[in-house]
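Understanding the architecture of this molecule
Okay, here's what each chain looks like letter by letter:
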Amino acid sequence: EGMNAQDLGKLLHREPAEIVKKLFMLGVMTNQNQSLDKDTIELLAAEYGIESKEKVHEDISDIDNLYQKEVEASKESKHQESRPPVVTIMGHVDHGKTTLLDRLRHTNVSEHEAGGITQKIGAYQVRVDDRLITFLDTPGHAAFSNMRARGAEVTDIVVLVVAADDGVMPQTIEAIDHAKSAGVPIIVAINKMDAPGANPSHVTEQLMKYNLIPEDYGGDTIFVKISAKTGDNVEELLQMILLQADVLELKADPHQKAIGTVVEARLSRGRGPVADILVQQGTLEVGDPIVVGNTFGRVRVMTNDKGRRVKKATPSMPVEITGLNDVPESADKFVVFEDEKTARAVGEQRAQNALQKQREKVQHVTLDNLFDTMKRENMKEVGIVLKADVQGSVEALSQSLEKIEVEGVRVNIIHSGVGAINDSDVTLASASNAFIIGFNVRPTATAKSQAESDEVDIRSYSVIYKAIDDVEAAMKGMLEPTY
Ligand code: GDP
């Protein structure tokens, strides 16, 4: 089903009547509602100085662009209101992320709210005094960076959980680097304060090496000592999250067109496609025509995190919606449209495009395309994830690499460590458009296959100067191709 004169009028900011008239002059008899074939659209587009029909279609089917426009519009808006922060919990395995999320889920839930069946909808809100905090229910940096790799930046604040009896561990460092690379502020929650052997000052000292410096030491990172198990000081953590949110001045305009991101989605037997979404701007209402990723529909039933039906969802509110034509993917963006017809047209076209070229792959930076990518994207720095067999090599390599500067472009080691190249390294590189250097280490089997499908470049070296030479040569566009 193609577009008609009315659709084209909207697109070209012209009265539909003018379009019909123009078409008449071009020898095409039509009315405002009759759908037009590709050739006619192309003809008309040329008449208005638009090169091809592709462009006409792209304009409204590019929902990432529409989404971005709404984000920009909200910045200009005079009706901005403060919105709840969206928080992701990260940290090393077994340091208490799940325990904390479970405790928070049951914090400050009024009896009235607790009545319903608790639903897992990918995110939930906690009430603190008269304010709210939204927690994403999937802890860890894999989910976080997977969303980022797909262009979704929903997290405002990261809570880094570190067990007081275990201290900084490899995944603690990974989490720090993932958050830093995303530019998201970190609040440190030193957990398991009730455990024998809890040594919070040791943990603090360790974290200071990663530039997380508490206020008592002249830094600006918030540290809170908690016990997720007993609940001790968890309320304080919530207060600190709100304080950090105030500093960030998180705002949204609830009156504009609703946009947001899919957190999770699935097919339900009885209800069809179900998507857990997070509203980011505007207010989503039951009945709204909507395009979500490559699918579309009309919001039929909307359920909040307490399992209650709601009619509206405001910024930072997670809700589950039904009424979509197909199951979207997590990290897909959604945009509300004025009318169902346009939503359908856009949704169908997007589905078709997606089928045709599968998912468009982002071209990642590699050592081979580095020079061209630097020029094309006006890169200011080259991101590298560095793994080596011993700490000495990590240090020697990162120091030398970070000294490289070519025409004002510097190397930034976004993460380094001892050990095999793992999944987290690949996700981070993918999300940050970086490549990976391994020195005397190889990727794990899963990291290797993930890197292949994400097209992340992994380079292995066993001679330090060779690695340094290659990076410098690549930045100068003088890397010898390998065959
Ligand atoms: P995750 O892997 O980070 O999600 O960690 P979990 O939440 O699964 O916790 C791992 C283990 O640590 C579990 O046995 C928890 O009961 C325990 N744990 C979590 N928080 C605390 C705490 O504050 N104090 C103590 N003593 N144990 C905790």
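Residues numbered from 1 in each chain as written. Predicted model: local features only at pLDDT ≥ 70, side-chain atom pairs only at ≥ 80, totals over all residues. Heavy atoms only, no water.

A few words on the pairing of strand 17 (residues 333-336). The two faces of strand 17 match: K333 and V335 on one face and F334 and V336 on the other face are all buried. Pairing between strand 9 (residues 259-268) and strand 17: three bridges, direction antiparallel. Within strand 17, the position partnered with T261 by the bridge is K333. Here strand 12 (residues 289-292) pairs with strand 17 via three bridges, running antiparallel. Bridged to I290 within strand 17 is V336. (Buried < 20%, exposed > 50% of the residue type's maximum accessible area, 1.4 Å probe, protein only. Helix = DSSP H or I, 4+ residues; strand = E, 2+ residues; numbered from the N terminus. Pairing = 2+ DSSP bridges.)

Of all six residues making up strand 3 (residues 123-128), five are buried, and the element is well covered by its neighbours. Here six bridges tie strand 3 to strand 4 (residues 131-136), and the two strands are oriented antiparallel to one another. Across the sheet, residue Y124 finds its bridge partner in strand 4, namely F135. Between the antiparallel neighbours strand 3 and strand 4 lie two residues, among them D129 with a positive phi of about 55°.

Quick look at the site of the ligand now. What surrounds the ligand is a group of 14 residues, the closest being D94, K97, T98, T99 and D194. Within the side chain of T98, one N or O atom sits 2.5 Å away from an oxygen atom of the ligand. In the environment of the ligand, an oxygen atom lies 3.1 Å from a nitrogen or oxygen atom belonging to the backbone of K229. Per-element accounting of the shell around the ligand gives the leading share, three residues, to helix 6 (residues 97-105). In terms of residue class, the shell around the ligand is made up of two nonpolar, seven polar and five charged. (Near = heavy atom within 4 Å. Polar contact = N/O pair within 3.5 Å; in protein donor to acceptor, adjacent residues only side chain to side chain. Nonpolar A, V, L, I, M, F, W, Y, C, P; charged D, E, K, R; others polar.)

Spatial strand order, 19-20-18-21-22: five strands in an open sheet with mixed pairing. Edge positions in the open sheet fall to strand 19 (405-406) and strand 22 (458-461), since each of these has one partner strand only. Note: strand 18 (residues 381-388) against strand 20 (residues 409-418), eight bridges, orientation parallel. Looking at strand 20, one finds that G383 is bridged to N412. Packed onto the sheet, helix 14 (residues 391-403) meets strand 18, strand 19, strand 20 and strand 21 (435-439) and runs at close to 170° relative to strand 20. (Contact = heavy atoms within 4.5 Å. Axes fitted to C-alpha atoms, helices over the stretch in contact; angles between N-to-C directions.)

Here we come to the pattern of salt bridges. Scanning all chains against the criterion turns up 20 salt bridges. Between D470 and K466 there is a salt bridge, with its nearest N and O atoms 3.1 Å apart. Of the two residues, D470 and K466 both sit in helix 17 (residues 464-475), four residues apart, roughly one turn of that helix. If you follow the salt bridges from partner to partner, you end up with R266, R271, D276 and E320 in one network. (Salt bridge = Lys/Arg side-chain N within 4 Å of Asp/Glu carboxyl O.)

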